[in-house]
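# Residue-level structural notes
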Amino acid sequence: MKVKKVAKKVAKKMARKIAKPATPKAKSPKVKAVLLPHLRERWPRTRAERKARAAEYYKRLSATYPDAHCALDHEDPYQLLVATILSAQCTDKRVNIVTPGLFKHYPSATQMADAEREELETEIKSTGFFRSKTKSLLGMAHALVARHGGKVPDTMEELTELPGVGRKTANVILGNAFNKNVGIVVDTHVTRLSERLGLTRETDAVKIEEDLMPLFPSEQWTMVSHLLIEHGRAICVARAPRCEICPLNDICPSSRV
Ligand code: SF4
């Protein structure tokens, strides 16, 4: 009698299992992608797919941000170089508050090279990391005077030989002060959006740039970073992207809607 009861119970359990197979809970985005085929389908897999997707992103973002431009106020390559060095780990808004007074005191690389270290430190203190930035500004100004007659050079090689100037800063100067598309500026917004949009799986800025460059025509390189930065500030923000109002939400592989 007892054996019959147990057998009945087991049979019931088996029947339930067959009728309703267990589904994994959608905890991580990875599992979510497995469960929602429409999200999985949105990931561009081949180079050709990524290229086509990049063109569509560019088209839509250009229409959304027709005035996208460099947010650092400047009137010449020297001012942009100073502002870009100051913008490390600092908002463009804060840099734009500091630079008008700075450019008044040091209107050229020659005057900047003669600046008193303490005075310069005080003037740029609010942008953070002011000691290392002062060192970079003075080193950069001395190098411009010594090697380039006080003028900012317009090649990647010469720019990246200046103290405090890396590839990212050089790309900013070349694209915005000299209208030369030599590379793509990869900052925190470009890094985050490139990954969310399925254009790269890299995390290193140089490798991300290498992934992005073949996806866009070279004449778009400077604008690509302006558009991604604008979108990263306005909608695809770091913590809670506003996918519900995003113009890319029907093609973005990371969309939450
Ligand atoms: S859909 Fe969402 S994750 Fe994708 S780009 Fe737009 S805001 Fe960012």
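In this text, all values refer to a predicted model and were calculated from it rather than measured experimentally.

## Section: the overall build of the protein chain
Of the regular secondary structure elements, the protein chain holds 14 helices and zero strands. Secondary structure elements of the protein chain occur, N-terminal to C-terminal, as α-α-α-α-α-α-α-α-α-α-α-α-α-α. Split into buried and exposed, the 257 residues of the protein chain put 32% on the buried side. In the protein chain, of all internal contacts separated by at least 6 residues, the share reaching a separation of at least 24 is 57%.

## Observations regarding helix 11 (residues 167-176)
Among the 10 residues that make up helix 11, nine are buried, leaving the element largely enclosed by the rest of the structure. Taken together, the buried positions of helix 11 are Lys168, Thr169, Ala170, Asn171, Val172, Ile173, Leu174, Gly175 and Asn176.

## Here we look at the site of the ligand
If you check the shell around the ligand, you find 13 residues, and the closest are Cys236, Pro241, Cys243, Cys246 and Cys252. Class assignment of the residues belonging to the shell around the ligand gives a composition of eight nonpolar, three polar and two charged.

## Re the nonpolar core
In terms of nonpolar packing, the biggest core is built from 51 residues, with Leu81, Val82, Leu137, Met140 and Ile173 touching the most fellow members. The leading source of residues in this core is helix 5 (residues 77-86), at seven residues. Here this core spans two domains, and each of domain 1 (52-69 + 183-245) and domain 2 (77-176) adds at least three residues to it. Those residues within four positions of Leu81 in sequence are excluded, and the remaining contacts are Met140, Val152 and Ile173.

## So, the packing of helix 12 (residues 188-196) against helix 14 (residues 221-234)
It is the contact of helix 12 with helix 14, at a shortest axis distance of 8 Å, that shows an interaxial angle of 85°. Taken as axis vectors, helix 12 and helix 14 run roughly perpendicular relative to one another. In this structure, helix 12 contributes His189, Val190, Arg192 and Leu193 to the contact, and helix 14 contributes Ser225, Leu228, Ile229, His231, Gly232 and Arg233. A class-by-class count of the residues in the contact of helix 12 with helix 14 yields four nonpolar, four polar and two charged.

## A word on the confidence of the model for the protein chain
Taken as a whole, the protein chain shows an average pLDDT of 89; of its residues, 84% reach a score of 70 or greater. Below pLDDT 50 for its whole length, residues 17-35 participates in seven contacts with residues either more than four positions away or in separate chains.

## Describing the environment of Glu121
Mapped onto the elements, Glu121 comes out in helix 8 (residues 117-124). Residue classification places Glu121 among the partly exposed residues on the basis of 16 C-beta atoms within 10 Å. Sequence-distant contacts of Glu121, that is, excluding residues within four places in its chain, are made with Phe130, Arg131 and Thr134.

## Looking at helix 13 (residues 205-212)
Looking only at helix 13, the buried set comprises Ile208, Glu209 and Leu212. With its buried residues spanning 100° around the axis, helix 13 presents them on a single face. Buried residues along helix 13 sit in contact with helix 12 and helix 14.

## Observations concerning unusual backbone geometry
Even without being glycine, Phe129 reaches a positive phi, approximately 45°. Residue Asn179 is not a glycine yet carries a positive backbone phi of 60°. By secondary structure assignment, the location of Asn179 is in the loop between helix 11 and helix 12.

Parameters and conventions
Residues numbered from 1 in each chain as written. Predicted model: local features only at pLDDT ≥ 70, side-chain atom pairs only at ≥ 80, totals over all residues. Helix = DSSP H or I, 4+ residues; strand = E, 2+ residues; numbered from the N terminus. Buried ≥ 20, exposed ≤ 12 C-beta atoms within 10 Å, placed from the backbone. Contact = placed C-beta atoms within 7 Å. Near = placed C-beta within 6 Å. Nonpolar A, V, L, I, M, F, W, Y, C, P; charged D, E, K, R; others polar. Core = buried A, V, L, I, M, F, W, Y, C linked by C-beta atoms within 7 Å. Domains from an automatic or database assignment. Axes fitted to C-alpha atoms, helices over the stretch in contact; angles between N-to-C directions. Parallel < 35°, antiparallel > 145°, perpendicular 65-115°, else oblique. pLDDT = per-residue confidence, 0-100. Arc of directions from axis to C-beta.

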